[in-house]
Amino acid sequence: MLETVFQPRILESKDWATYLFIFSFALIAIAKSTFETRFKDFLRVLVSDKYIKIYKDPSHLMSGFTILLFIVQLISFSFFIQLLLDKLGYVSKTDGIIFLRIFTFFGIFVLSKFLIEKIVAAVFNIEEFAEQFNLQKVSYRTFIGILLLPINIYLFYNNNSPNLLFYCIIVMVLIINLFSYMISLKIYQNLFIGKVFYFILYLCALEIAPYYFIYYLITKNLAH
């Protein structure tokens, strides 16, 4: 007589991700309806520098429009980091607790980096350049975050995404970031001239090194 042994089947819920995706699109809809003209200019940021020139004043960095889309950026990048770590075998993409850890860590990282940049800019006497440069970075990376949102949805609900797709997305993000630096040099060349050494030091210390360490720290903490 055969003995039947029942094994518990553990299912990880995806509802939390669905709610967050809906929440992200709701924030975009609010930003679009509340700041309609600015949102239209923002969507053309890759093909026109009109948005950067109009909204280059540092006061726009803490506006409702920027804050709404900054939240979307944090959610979108956190999702992609989790999806990438899932692909590398470190975590499960359906683990909501892991997402909260990544979101919290990434949010603290970005805000801490922003505060450190302000301190360094004050020390090197390049506050004007740093403030305008930060606003431009936020604009381009928020745009990347919005682009990533539908991609994240596809990757999250598709279990057979090829590695090549992840590589292409990473290359796309790097290219847009490089493009933003080139635009910064073009727009703020008058501020840049005479402070080349400080700018290079600022770029290496606060724009390159942190992203190397963030991957190391996340994979080290989540692998255990």
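Residues numbered from 1 in each chain as written. Predicted model: local features only at pLDDT ≥ 70, side-chain atom pairs only at ≥ 80, totals over all residues. Heavy atoms only, no water.

**Digging into the packing of helix 1 (residues 15–34) against helix 6 (residues 127–157)**
The relative placement of two packed helices comes down to the angle between their axes together with the axis-to-axis distance.
Next, step 1: Relative orientation of the contacting elements helix 1 and helix 6 amounts to 160°, with a least axis distance of 11 Å. Between helix 1 and helix 6, the angle is such that the two are roughly antiparallel. The handedness of the crossing between helix 1 and helix 6 is left-handed. Where helix 1 abuts helix 6, its residues Trp16, Ala17, Thr18, Phe21, Ser24, Phe25 and Ile28 lie against Ile146, Leu149, Asn152, Ile153, Phe156 and Tyr157. (Axes fitted to C-alpha atoms, helices over the stretch in contact; angles between N-to-C directions. Helix = DSSP H or I, 4+ residues; strand = E, 2+ residues; numbered from the N terminus. Parallel < 35°, antiparallel > 145°, perpendicular 65-115°, else oblique. Left-handed = near helix turned anticlockwise from the far one by under 90°. Contact = heavy atoms within 4.5 Å.)

**Observations concerning helix 6**
Next, step 1: For helix 6, spanning 31 residues, the distance from its first C-alpha to its last is 44 Å, which sits close to the expected 45 Å at 1.5 Å a residue.
Next, step 2: The largest bend in helix 6 comes to about 30°, at leucine 149, with the proline proline 150 one to four residues further on. (Expected span 1.5 Å × (residues − 1). Bend = angle between axes of the 7 residues up to and from the residue.)

**Some thoughts on the confidence of the model for the protein chain**
Next, step 1: Scored by pLDDT, the protein chain comes out at a mean of 80, with 75% of its residues at no less than 70.
Next, step 2: In the model of the protein chain, helix 8 (residues 189–192) stands out as the element of lowest mean pLDDT, 64, in contrast to helix 1, which has the highest, 94.
Next, step 3: Counting contacts from residues 4–11, a segment whose pLDDT is below 50, to residues more than four positions away or on other chains yields 0 contacts. (pLDDT = per-residue confidence, 0-100.)

**Section: helix 1**
Next, step 1: Here helix 1 contains 20 residues, and its C-alpha end-to-end distance of 28 Å stays within 8% of the 28 Å for a straight helix at 1.5 Å per residue.
Next, step 2: Of the positions making up helix 1, those classed as buried are Ala17, Phe21, Ser24, Leu27, Ile28 and Ala31. Down the axis of helix 1, the buried set is contained in an arc of 120°. They therefore lie on one face. Of the exposed residues in helix 1, those oriented more than 90 degrees away from the buried face are Tyr19, Ile22, Ser33 and Thr34.
Next, step 3: Where helix 1 is buried, its residues touch helix 2 (36–42), helix 4 (64–87) and helix 6. (Buried < 20%, exposed > 50% of the residue type's maximum accessible area, 1.4 Å probe, protein only. Arc of directions from axis to C-beta.)

**With respect to the pattern of salt bridges**
Next, step 1: One pass over the full model with this rule turns up 1 salt bridge.
Next, step 2: One salt bridge in this structure joins lysine 40 and glutamate 36, with 3.7 Å as the shortest N-O distance. Linking lysine 40 with glutamate 36, this pair stays in helix 2, spanning 4 residues, or about one helical turn. (Salt bridge = Lys/Arg side-chain N within 4 Å of Asp/Glu carboxyl O.)

**Concerning the side chain of threonine 142**
Next, step 1: Here threonine 142 lies in helix 6.
Next, step 2: Owing to a relative accessible area of 4%, threonine 142 belongs among the buried residues under this scheme.
Next, step 3: There is a polar contact of 3.1 Å between the side chain of threonine 142 and the side chain of glutamine 73.
Next, step 4: Contacts of threonine 142, omitting those with residues within four sequence positions, involve Phe42, Leu69 and Gln73. (Polar contact = N/O pair within 3.5 Å; in protein donor to acceptor, adjacent residues only side chain to side chain.)

**Structural notes on empty space enclosed by the protein**
A water-sized probe, rolled over the atoms, reveals where empty space remains.
Next, step 1: What the rule picks out here adds up to 2 cavities of 30 Å³ or more.
Next, step 2: Here the largest cavity defines a volume of roughly 60 Å³.
Next, step 3: Forming the walls of the largest cavity are Arg38, Phe42, Tyr51, Phe65, Thr66, Leu69, Leu135, Val138, Ser139 and Thr142.
Next, step 4: The set of elements that each furnish at least two residues to the lining of the largest cavity consists of helix 2, helix 4 and helix 6.
Next, step 5: Looking at the lining of the largest cavity, the element that brings in the most residues is helix 6, giving 4 residues.
Next, step 6: Taken together, the residues that form the lining of the largest cavity break down as 6 nonpolar, 3 polar and 1 charged. (1 Å grid on protein atoms, 1.4 Å probe; cavity = no way out; pocket = protein on both sides within 12 Å on 5 of 7 lines; lining within 4 Å. Points joined across faces, edges and corners; volume = space filled by probe spheres on them. Nonpolar A, V, L, I, M, F, W, Y, C, P; charged D, E, K, R; others polar.)

**Describing the environment of leucine 135**
Next, step 1: Within the secondary structure, leucine 135 is located in helix 6.
Next, step 2: Residue classification places leucine 135 among the buried positions, given a relative accessible area of 4%.

**A few points about the packing of aromatic side chains**
Next, step 1: A full pass over the atoms with the stated rule returns 18 aromatic pairs.
Next, step 2: Relative to phenylalanine 99, the ring of tryptophan 16 lies with its centre 5.4 Å away and its plane at 40°, an arrangement referred to as tilted. Separated by 83 residues along the polypeptide, tryptophan 16 in helix 1 and phenylalanine 99 in helix 5 (residues 96–123) bring together distant segments of the chain.
Next, step 3: Consider the rings of tryptophan 16 and phenylalanine 156, whose centres lie 6.0 Å apart with planes at 80°: the pair is edge-to-face. (Phe/Tyr/Trp six-rings, centres within 6.5 Å; stacked < 30°, edge-to-face > 60°.)

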